[in-house]
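# Remarks on the overall topology
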Amino acid sequence: MKKFIKGTLEIELNVTDLVAFEEQHKVAINRWIDWANRLGVALNLGTSDDNTYLCEYKIVGATASYCKGLASELRQMIKSEFPKTRSLWQGSGDILF
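Let me begin by describing the structure that accompanies this report. Note that residues are indexed from 1 along each chain, following the sequence as it is written. A pLDDT threshold of at least 70 governs which residues receive local features in this predicted model, and a stricter bar of 80 or more applies before side-chain atom pairs are shown or counted, although totals over entire chains, interfaces and linings include all residues. For side-chain calculations, the full set of non-hydrogen atoms in the structure is used, while hydrogens and water are omitted.

Time to look at helix 3 (residues 64-81). Each full turn of the α-helix corresponds to 3.6 residues, which orients residues three or four apart in the same direction. A rise of 1.5 Å per residue sets the reference length of helix 3, with its 18 residues, at 26 Å; its end C-alpha atoms lie 26 Å apart and thus fit the reference within 8%. All buried positions along helix 3 are accounted for by Cys 67, Leu 70, Ala 71, Leu 74, Met 77 and Ile 78. End-on, the buried residues of helix 3 take up no more than an arc of 125 degrees, which puts them together on one face. For helix 3, exposure combined with an orientation more than 90 degrees from the buried face picks out Ser 65, Lys 68 and Ser 80. Under the DSSP-based scheme used, a helix requires at least four consecutive residues in state H or I and a strand at least two consecutive residues in state E, with every element numbered from the N terminus. An expected span of 1.5 Å times one less than the residue number is assigned to each helix. When accessible area is computed with a 1.4 Å probe and restricted to protein chains, residues below 20% of their type maximum are described as buried, those above 50% as exposed, and intermediate ones as partly exposed. What the arc describes is the spread of directions from the helix axis to the C-beta atoms.

In this model, Asn 14 sits at a positive phi of 55 degrees, which is unusual for a non-glycine residue. Mapped onto the elements, Asn 14 comes out in the loop between strand 1 (2-12) and helix 1 (18-24). Look at Asn 51: it is not a glycine, yet its phi comes out positive at around 65 degrees. Exposure remark for Asn 51: the relative accessible area of 30% places this residue in the partly exposed category.

With that out of the way, let us pick up helix 2 (residues 26-39). With 14 residues, helix 2 extends 20 Å between its outermost C-alpha atoms, agreeing within 8% with the 20 Å of an ideal straight helix rising 1.5 Å per residue. Turning to helix 2, its buried residues number three or more, namely Ala 28, Ile 29, Trp 32, Trp 35 and Ala 36. In a view along the axis of helix 2, the buried residues occupy a sector of 125 degrees, so they form one face of it. In helix 2, the exposed positions that point more than 90 degrees away from the buried face belong to Val 27, Asn 37 and Arg 38. Residues of helix 2 that are buried in the fold lie against strand 1, helix 1, strand 2 (42-47), strand 3 (53-61) and helix 3. Just past helix 2, the residue Gly 40 takes up positive phi, approximately 75 degrees. Contacts: residue pairs with any heavy atoms within 4.5 Å of one another.

Quick look at the nonpolar core now. Ile 11 and Trp 32 are the most contacted members of the largest nonpolar core, which has 23 residues in total. Every element with two or more residues in this core is listed here: strand 1, helix 2, strand 3 and helix 3. Sorting elements by how many residues they give to this core places helix 3 first, with six residues. Here Trp 32 is in contact with Ile 11, Leu 43, Leu 45, Met 77, Ile 78, Glu 81 and Phe 82, once residues within four sequence places are set aside. Definition used in this section: a nonpolar core is a set of buried Ala, Val, Leu, Ile, Met, Phe, Trp, Tyr and Cys residues joined via side-chain atoms within 4.5 Å.

Moving on, we come to the pattern of salt bridges. Counted as salt bridges are all cases of a side-chain nitrogen of Lys or Arg within 4 Å of a carboxyl oxygen of Asp or Glu. Here the structure, examined in full by the defined rule, presents two salt bridges. The salt bridge involving Asp 94 is made with Lys 3; its shortest N-O contact spans 2.5 Å. One end of the pair, Asp 94, is in strand 4 (residues 86-95); the other, Lys 3, is in strand 1, and 91 residues separate them in sequence. For Asp 94, a relative accessible area of 39% corresponds to the partly exposed category. Accessibility expressed as a relative area gives 27% for Lys 3, which makes it partly exposed.

In short, the description is geometric, and any link to function would need to be established separately.
Written out as structure tokens, the structure is:
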């Protein structure tokens, strides 16, 4: 049975110009996306209705330790660019099939 961790990170408040924001942080964002693609991590970046820039992630692996490790690595990569990043939600469990 596989394990998973899903979560949402708040990266920046009041992002009213998404294109300019992502262009300004393009190198870091591309690094996160490359990392996620290489490891099979689902990553969703963008703004919410209140203009908060968020990162949603889903990590699937053979063990909970593996998933926790990748989630921790992702948070550290994001915090290196955005020190005030905070976790809004994180959940984990088993994948039945």
